[in-house]
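# A structural walkthrough
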Amino acid sequence: MKHVPFFRWVVTLGLVLIGCSVGVYLTTPDYPDRKQVDLTVLSEAPDGTCTVRWTDPFELAEHTGPYRCDPYRPATFKAPNYEPGTDLGWDVGHVLAEGAQKGELYSLDEDEDIEASIALSDQLLGIGLLPTIIGLVGGNTRSLARLIGVRPAVVRKGERLRERAVQVAQDHTRAEEAVRTAWAPLHEDLVEKRLDRIPVARLRGATRTRLPVRLLERNGIHSVRDVLDAGAWEVAYVGGLGRQEAERVWEAARLMSERVSRDTTVRLDADRPDARTAALLNALQVLVEAGPQARSAAHTADLLAGELRRALAGAAPAAGWRKMLAAGRAERRYVPMAVSELRRLLAEAERDGMAERFAQASVDLLRGADGDPAGLSARIDFDTRPADYYEALAQVVDTTEGTVPIPPDPQRRLKSVLRSSRR
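Keep in mind the model is a prediction, meaning the values are calculated, not measured. (Residues numbered from 1 in each chain as written. Predicted model: local features only at pLDDT ≥ 70, side-chain atom pairs only at ≥ 80, totals over all residues. Heavy atoms only, no water.)

### Describing a negative patch on the surface
A surface patch of like charges, here negative, comprises Asp269, Asp271, Asp274 and Asp383. The residue Asp271 is located in the loop between helix H6 (243-263) and helix H7 (275-314) in this model. (Patch = residues over 30% accessible without salt bridge, like charges linked within 9 Å, V, L, I, M, F, W, Y side chains within 5 Å. Areas by Shrake-Rupley, 256 points an atom, 1.4 Å probe, with all protein chains shown as cover. Salt bridge = Lys/Arg side-chain N within 4 Å of Asp/Glu carboxyl O. Lys, Arg positive; Asp, Glu negative; His and termini not counted. Charge placed at Lys NZ, Arg CZ, Asp CG, Glu CD. Helix = DSSP H or I, 4+ residues; strand = E, 2+ residues; numbered from the N terminus.)

### Quick word on the environment of Asp113
Within the secondary structure, Asp113 sits in helix H2 (residues 111-147). On the basis of relative accessible area, Asp113 is assigned to the exposed category, the value being 60%. Between the C-alpha atom of Asp113 and that of Pro29, which follows or precedes it by 84 residues, the distance is 9.4 Å. (Buried < 20%, exposed > 50% of the residue type's maximum accessible area, 1.4 Å probe, protein only.)

### Details of the state of the cysteines
Within the structure shown, the criterion is met by one disulfide. Residue Cys50 pairs covalently with Cys69 via a disulfide, S to S 2.0 Å. When the S-S torsion is 90 degrees, as for the bridge of Cys50 with Cys69, the disulfide is right-handed. In this pair, Cys50 is assigned in strand E2 (residues 49-55) and Cys69 in the loop between strand E3 (62-68) and strand E4 (89-96), connecting sequence segments 19 residues apart. Taking the relative accessible area as the measure of exposure, Cys69 reaches 2% and is therefore buried. (Disulfide = S-S within 2.5 Å.)

### Describing the pairing of E4
Burial within E4 is extensive, with six of its eight residues counted as buried. As paired strands, strand E1 (residues 34-44) and E4 are joined by eight bridges and run antiparallel to one another. Directly across from Arg34, in E4, lies its bridge partner Leu96. Judged from the two bridges that link them, E4 and strand E5 (residues 105-106) form a sheet pairing that is antiparallel. Its bridge partner lying in E5, Val95 is registered against Leu105. (Pairing = 2+ DSSP bridges.)

The analysis is restricted to geometry; functional conclusions fall outside its scope.
Right, dumping it as structure tokens:
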């Protein structure tokens, strides 16, 4: 189920209320500039409604008008106690000190709207701060709980080890590919020569048709190689065969060529090597000098890289707090298991010195051939240990033909490889 950002909405509500408070405050008018004046109360009702006279302090002119006097002021300020024998009283008022109504009497009752607006702004601010604080505290607490599983150091260490493992596996693959590239034309020439020596009559027993050998030979198809070069349609045309019969003949030739290819071995002649043999010796020298430990390291690295790739994929959110916060609930659920698996792989690799083995294997494999086109160094080395060269060639060719079985359980195979390396 998708996670609902509850605390995010709580914070949003609080911020909306705070925004409303700011809006009310900004639209509230300021208190006007005023100047205090003395008021002569001409008449006054019990509720404070009165008529007053005052002197404009700016134009020094007398004005008379209605006003709301303070009904709770002392009785000595009210008529007739203020000036005995008259109906006059006294009070304090304010006149506007600016604008078009400058000098006009200003009632303090008008301040009540401003005060009410300010009070509303304060109330909205107080109400908005509460959900904002709750949302921030709750959200940060939840985020902190998510960040508990962040292990950037472990993830970085796993990524570095995987890069080294991938690198040594690629280096060994590149060295083997150089051997295959140099071996292929030599092997192909030997296969073609053998197929050229196999007469077309040998195909008679491999097909269920009466093969017109003499007719084929009169038209230039003497050997199995000629059949492969000509193709099924040409064999049908020159031999007077039907399409299906010609296809059976060509398929028999193809199967025979595969058997010949598997049975053909490239012999390394170091005494009189041509350029292609020298290139093959140079390529094989890299693997021979790197030794079986490089091949073992590359095989172990390939298995370890696969295990690390799966563990790193599950532990990806643990690489940093941003990734952990952005990860979904299902992803975070598998992070502890993936980090634990990553720690185990790192501990085993460190115990067995895998990083050092990978680095040394890469150095040995990257030395490469000495660049001598004649392959003098490789020829001399081949003379001292020809069996090692033939073994290295057989391993590469066998790998090409797919005769090396793939272990059914890579993790079990990795453990066995690590145990054998410790011995």
